[in-house]
Amino acid sequence: MTGHDRRRFAARGRFLAVVLFAGLALVVGRTVQLQVLEHDTLTALARGEYLSDLRLPARRGQVYDRHGKPLAISVDVPSVFANPAAVVDPRTAARRLAPVLGLDLDSVYQRLAGDRLFVWLKRQVTPEIAAQVTALHQDGVGITKESRRFYPNREVAAHLLGFVGVDGHGLEGIERIFDPDLAGEPQVVPTVRDARGKAVLKGSVDPERRTDGSDLRLTLDLRVQHSTQTELEAGVRAAHAKGGIAVVLDVGTAEVLALATVPAFNPNQAAQSDAQTRRNRAVTDLFEPGSSLKPIVVAAALEARAIEPGATLFCENGAMRVADHTIRDTKPHGWLSVADILAKSSNIGAAKIGANLGRDRLAAALRTFGFGERSGVELPGEVAGLLRPAETWSTVSTATISFGHGVAVNALQLGAAYRVLAADGRYLPPTLIQAVLRPDGAVETPPVRAERRVLAEKTAARVTGMLEKVVSADGTGLLARVPGYRVAGKTGTAQKPDPVAGGYSADRYVAVFAGYLPAEAPRVVIVVAIDEPEDVHTGGAVAAPVFASIGLSTMRFLGVVPSEGQAGPPPAAVAPPVAAESTLVDNRPPLPAGRKVAPPGTVPSFLGMTSREVLGVYAQLGAGLNLEMVGSGRVVSQDPSPGAARAGGLRLRLNLANQ
Amino acid sequence: MSTPVVRSRRDSTSRSMAAMAREESRGHGGGRKGLPLCVWLVGAVAALVGIGIVLVYSSSSVFAARTYQDAEHFLRLQLGWAVLGLVGLWVATRTSAELLHRRAGLFLAVSLFLCAIVLIPGIGHLAGGARRWLTVAGVGFQPSEVAKVAVVLMMAAMLARRDSQSPEARQSLLVPVALAQVPVLLILAEPDLGTALVIEIIVGMMVFMAGLRLRTLGLIGLAALPVFYHLVVGTPFRLQRLLSFIDPWAYRSTIGYQVTEALISIGSGGVFGVGLGEGKHKLFFLPEAHTDFIFAILGEELGLVGVVALVGAFGIVIWRGLEAGRRAATGFDAYLAVGATMLLGVPAVFNLLVATGLLPTKGLPLPLISYGGSNLVLTLVALGLVMRVERDGRGVAAWEAAT
């Protein structure tokens, strides 16, 4: 043995080496785990920390009617911004800018003196102020256009168009459904920030570099829409009703020419109306069609040869026992022809026709007319019609469904069903969109809709003849007459279901008139539904006159030649009395004042904001704030409180609640 | 490791033989050219110092620009320390084993003195709640770093003497261990738990090399547990570090912040890294980016490729260092090589395990890489000692083969 035992020393040295190399191997293994296996997760976390993109929204696409009249447009409003890093002398710059912008000298200086990359000086200024700012030629200060949504026709077609929210995204209607097309691609300026929220690497702002949204051309005819809405409003007012719905469909193409809901709201100030008013009831609300379903039942029975066109049926003198239930007519009738059953609107007659057809065939026929389905129109929130499976129908419900109770539709679905009668027996789903106009000039048309034959041409013609009789001195729909044009249509009055007591309400009705004209070569289908009229509540009395006035003005706008042998005013092309056009200039809503910007370096106030608004402001603030939102509704408290100094990596906690 | 050579070498003869061999190797006698230093060691150390300087610059420039209005502040300082350290390394390779062996006690005494006066308020510089710095001519350095090297020298000398006098008596192994507790206690008083722990581990490794059974080491460790427990649990920030280690993501915004940021930083590097200087986490996201957590910046900017290269370089130094101990000319040299290698190896492995979240956060720099002057200089000096041992070992082997 010498100084040390070499064999033992070597062995123990190997042991130490194994321990240390095991440690190093562990480190490499762990690094592989982090850098290969968890690379994506951790990179995403890292990006979230240091990247805060500045998003400049694209110009939102315009919405036009079928003749190119603007329905929703985006106005580029100038906004003044600054890049403080590029402002050499913030003191002088502030002195020059403050008076032009009408701002406090100190607040302008505060904003220019920071070392952020982008601050708004004043948003949505007038063109005059923008021109003055440009004339100053101040380094680091520029004008960018911010898009603002504007609805020149105000209430006209408001429900259909919808509106956009504070973040510029469509929240309702066409604006919502076509948001991806309308919105375009925002310009994203990547900005790298350090943990203290300061911009570190330079991004640049070039307002020209963005992809604008596509324009939309609707099938809507602004003139028809305007008169429809005006007449509907007048009718609702006259009947002291709660509201009303009117639909005008083009017979040839099933395109929606007008879709009106009353009461309306002003989409330019959508926030000032309540959500109930903003609901597009023409697609979201179902009602029982009542007697207006009878022509469909008759058509189905004729088509199935369950009844002969010339047949007469005994109407039991006003009361018929079905199972344990008595069906009544408003007036007792004896023997009536099929045409008279429609003209007099006999429930007993309709029930007998339905019984002749039989439960299963009736249910199947109603489905081919589109009952129980969605019409598929390009609007959000459409509900499918209510049509229970045939096997659940009792004898009584087969009878009541034959005169329109126990099924439910929205106005558009009823219009699409009537269009079958008007269009020689063919069903075509309604549509609202003519074309999507891409910013590069490309025009995209919606896919061709599948058409199906529901009735033989002859059957449709027969029912049309019968429905003409409804609009005569012998029928319930006399008031739907349009001077100069032959009208085919049917009244309907349905009790509303009582949500509290169950069953039907005794005094709340929906008065309906559905029809088309001119009867000999139908051009448009019109459905009018008046919700809860007071006193007089029948479709013939309340809805038919509204149908008549909408029909007349529509015929004029479309330049339809009056029916032969009908007296009436000439169909001279009428100058559109559309007040809407002048509203383009006059009725601009005042632009909202620029959002209050918190002084740099302090925490802004989020109180009262919705989470969506919070995120909008947060996106502008950039990184440096760690946002944490608790609850839903509006911000009721925040920590730290507004005005507190912003330090690096600050955690901002917002408590939201529904008030 | 080929056939283990068991040679009988009585102290006096072996000493003179070794001395002759050393003369030979240095090229003093006979006009022969001296043996070169080990290329593995020199290459790996040069690579590590190079990577270190680049990373210190990359990780500190933004912070330095903000704090000192000079992006190259830390780079310049670290370059200066590196030059000083390389001079120290060169001197260490030229210092004879006899001088080191004889003066080991003196080195220890000087380092104990420095460790003692750093504790005196007014002399020792207080930073971050600890007194670890002595300032000489405006330049700060840490006496604990000097103490680490001195303890290794002292241990090597005492273990070599014990081997020649009473190699069978295991109890005598505990004498140097007891002596090592003096600097450890002084360092604990600063306080610097990390460095104290590293010294204890190296002391343990050296007596283990000298024949102490693992069982005995385990018992000593067990006996130290209550002390360790007190040090950890009795100090709130250390307890928190331990808690955050168990689940850093649960404490992500508070005490787990540093570790999770390090993990995110490493993970975002991927296989090839985001590129030198392109890392984002040094932008104040990652605390201690240029010191204790510089590995995370390496992982982010150079990716898995850089990590493997770095770990490989450390592995080469550890391997060649232990090998130098096995082939050393004398017992003193053998212990010295192992101890000095561990001065690099132990903190390196600790730091890497901490930076990858495998050990609780411990304030230990990554040797040769992290920013920090005294650590860089003394680590290079220690590696100079290893290189000298390796060269002498080769010289003796050659001399013996020749005679």
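Note that the structure is a prediction, hence the values are computed from the model and not measured.

Trainee: Break down the overall build of chain B for me, with residues and values.
Mentor: Helix and strand content of chain B: 13 helices and 3 strands. By residue count, 54% of the 403 residues in chain B fall in the buried class. Considering only residue pairs separated by 6 or more positions, chain B has 70% of its internal contacts joining residues 24 or more positions apart. Total accessible area computed for chain B in this model is approximately 16300 Å², and 67% of it derives from carbon and sulfur atoms.

Trainee: Pulling in residues and values, what's your account of the confidence of the model for chain B?
Mentor: Residue and element names in this part refer to chain B. When pLDDT is averaged along chain B, the result is 84; 88% of the residues meet or exceed 70. Confidence drops under a pLDDT of 50 for residues 27-33, and excluding neighbours within four residues, the segment shows 7 contacts in the predicted structure. We note a pTM of 0.52 for the whole complex and an ipTM of 0.88 for its interfaces.

Trainee: Pulling in residues and values, what's your account of the pattern of salt bridges?
Mentor: Residue and element names in this part refer to chain A. Considering all chains together, one arrives at 28 salt bridges over all chains under this definition. Note that K242 is salt-bridged to E532, the shortest N-O span being 3.5 Å. Of this pair, K242 sits in the loop between helix 9 (222-238) and strand 8 (243-250) while E532 sits in the loop between strand 20 (524-531) and helix 19 (539-558), and the two are 290 residues apart along the sequence. For E316, the salt bridge identified is with K352, shortest N-O distance 2.7 Å. With E316 in the loop between strand 10 (312-314) and strand 11 (319-322) and K352 in helix 14 (residues 347-357), this pair connects stretches of sequence that are 36 residues apart. For E316, a relative accessible area of 28% corresponds to the partly exposed category. In this structure, a network of salt bridges that share partners links the residues R60, R149, E175 and D179.

Trainee: Any chance you could break down the packing of aromatic side chains for me, citing the residues and the numbers?
Mentor: One pass over the full model with this rule turns up 9 aromatic pairs over all chains. On the basis of an interplanar angle of 75 degrees and a centroid distance of 5.6 Å, the ring pair of A:F9 and B:Y335 is categorised as edge-to-face. Of this pair, A:F9 sits in helix 1 (residues 6-37) while B:Y335 is found in helix 12 (residues 331-355), placing the two residues in two different chains. A relative accessible area of 2% means that A:F9 is categorised as buried. Here B:R320 stacks its cationic end above the ring of B:W319, 4.7 Å away from the centre of that ring.

Trainee: Go over the nonpolar core, please, and point to the residues and values.
Mentor: Here is a general trend for soluble globular proteins: nonpolar side chains tend to be buried in one another's company. In terms of nonpolar packing, the biggest core is built from 117 residues, with B:M155, B:F295, B:L310, B:F332, B:L336, B:L366 and B:L368 touching the most fellow members. Among the elements that make up this core, the one with the highest residue count is helix 12 of chain B (17 residues). Setting aside residues no more than four positions away along its own chain, B:M155 makes contact with B:P176, B:V177, B:A180, B:V203, B:M206 and B:V207. Ranked by size, the runner-up nonpolar core spans 92 residues in total, among them A:L259, A:L302, A:L342 and A:Y516.

Trainee: Can you lay out the environment of A:F265 for me, pointing to particular residues and giving the numbers?
Mentor: Residue and element names in this part refer to chain A. With respect to the secondary-structure elements, F265 resides in the loop between strand 9 (256-262) and helix 10 (275-278). For F265, a relative accessible area of 4% gives the class buried. Separated by 13 residues in the primary sequence, F265 and R278 have C-alpha atoms spaced 6.6 Å apart. Beyond its immediate stretch of four places on either side in the chain, F265 contacts R154, E155, A158, H159, F163, A270, S273, T277 and R278.

Trainee: Residue-level account of helix 9 of chain A, with values.
Mentor: Its 17 residues place the ends of helix 9 of chain A 24 Å apart at the C-alpha level, agreeing with the 24 Å of an ideal helix rising 1.5 Å per residue. Between a side-chain oxygen at the N-terminus of helix 9 of chain A and the backbone nitrogen of A:R223 the separation is 2.9 Å; the capping residue is A:D221.

Trainee: Got a sec to walk through the sheet that holds strand 3 (residues 139-141) of chain B? Specific residues and values, please.
Mentor: Residue and element names in this part refer to chain B. Across the sheet, which stays open at both edges, the 3 strands sit in the order 1-2-3 with antiparallel pairing between neighbours. Across the chains shown, the open sheet's two edge strands, defined by having one partner strand only, are strand 1 (124-127) and strand 3. Each adjacent strand pair in this sheet contributes to an overall mean axis angle of 45 degrees, direction not counted.

Trainee: Please provide a residue-by-residue account of the side chain of B:Q142, values included.
Mentor: Residue and element names in this part refer to chain B. With respect to the element layout, Q142 can be found in the loop between strand 3 and helix 5 (143-165). The exposure class of Q142 is buried, given its relative accessible area of 13%. If sequence neighbours within four positions are ignored, Q142 has contacts with R132, W133 and S374.

Trainee: Would you mind going over the confidence of the model for chain A in detail, with residue names and values included?
Mentor: Interpretation of this model should avoid reading the predicted coordinates in detail wherever pLDDT is low. All names here are of chain A. Taken residue by residue, chain A gives an average pLDDT of 82. The fraction at 70 or more is 81%. Considering only residues more than four positions removed or in separate chains, one finds that residues 199-203, a stretch of pLDDT under 50, has 16 contacts. Here residues 568-597 scores under 50 on pLDDT; set against residues more than four positions off or in separate chains, the count is 46 contacts.

Trainee: Report on helix 4 (residues 105-113) of chain A, specifying residues and quantitative values.
Mentor: Residue and element names in this part refer to chain A. The set of residues buried in helix 4 consists of S107, V108, R111 and L112. Buried residues of helix 4 fall within an arc of 130 degrees about the axis and therefore sit on the same side. Lining the buried residues of helix 4 we find strand 3 (70-82), helix 3 (90-101) and strand 4 (119-122).

Trainee: An account of the packing of helix 7 (residues 193-209) of chain B against helix 12 of chain B is needed here, citing residue identities and associated values.
Mentor: All names here are of chain B. Put simply, helix 7 and helix 12 touch, their axes get as near as 9 Å, and they point 140 degrees apart. It follows from the interaxial angle that helix 7 and helix 12 lie oblique. Remark: the crossing between helix 7 and helix 12 carries right-handed chirality. The residues of helix 12 that touch helix 7, namely those facing L197, V198, I201, I202, M205, M206 and M209, are Y335, V338, G339, M342, L343, V346, P347 and F350. Its residues assigned to classes, the contact of helix 7 with helix 12 comprises 14 nonpolar, 1 polar and no charged.

The rules behind each value
- Counting of residues starts from 1 at the beginning of each chain's written sequence and follows it residue by residue.
- All chains are assigned letters beginning with A, and all ligands numbers beginning with 1, in the order in which they are written.
- Given that the model is predicted, a residue must reach a pLDDT of at least 70 before its local features are reported, and side-chain atom pairs must reach 80 or more before they are shown or counted; all residues, however, enter totals for whole chains, interfaces and linings.
- To get the side-chain values, all heavy atoms of the structure are used, and hydrogens and water are removed first.
- Helix numbering and strand numbering both begin at the N terminus, where a helix is a DSSP run of H or I of at least 4 residues and a strand a DSSP run of E of at least 2.
- A 1.4 Å probe rolled over the protein chains alone gives each residue an accessible area, and that area as a share of the maximum for its type sets the label: buried under 20%, exposed over 50%, partly exposed in between.
- In this description, contact between two residues means that some pair of their heavy atoms is separated by no more than 4.5 Å.
- Here, Shrake-Rupley sampling with a 1.4 Å probe gives the accessible areas, and only protein chains in the shown set may cover a residue.
- Scored from 0 to 100, pLDDT reflects the predictor's confidence in each residue.
- The salt bridge definition used is simple: a Lys or Arg side-chain nitrogen within 4 Å of an Asp or Glu carboxyl oxygen.
- Any two rings among Phe, Tyr and Trp, with Trp reduced to its six-membered ring, count as a pair given centres within 6.5 Å; such a pair is stacked if its planes are under 30 degrees apart, edge-to-face if over 60, and tilted if neither.
- As a reminder, the over-ring test applies to NZ of lysine and CZ of arginine, requiring each to be within 6 Å of the ring centre and within 35 degrees of the ring normal.
- Among buried residues, those of type Ala, Val, Leu, Ile, Met, Phe, Trp, Tyr and Cys that are joined through side-chain atoms within 4.5 Å constitute a nonpolar core.
- Each helix should span, by expectation, one fewer than its residue count multiplied by 1.5 Å.
- For this analysis, a polar contact is any N or O atom pair within 3.5 Å, provided that within protein one partner can donate a hydrogen and the other can accept it, and provided that sequence-adjacent residues contribute only side-chain to side-chain pairs.
- Paired strands, in this sense, are two strands between which DSSP finds at least two bridges.
- Convention adopted: a line fitted to C-alpha atoms gives each axis, helices being fitted over their contacting stretch, and angles between N-to-C directions are expressed from 0 to 180 degrees.
- In this description, the arc belongs to the directions extending from the helix axis to the C-beta atoms.
- Note on terminology: angles under 35 degrees are roughly parallel, angles over 145 are roughly antiparallel, angles of 65 to 115 are roughly perpendicular, and the others are oblique.
- The hand of a helix crossing depends on one turn: near helix anticlockwise from the far one by less than a right angle means left-handed, and clockwise means right-handed.
- Side-chain classes follow a simple rule in which Ala, Val, Leu, Ile, Met, Phe, Trp, Tyr, Cys and Pro form the nonpolar group, Asp, Glu, Lys and Arg form the charged group, and the remainder, Gly included, forms the polar group.

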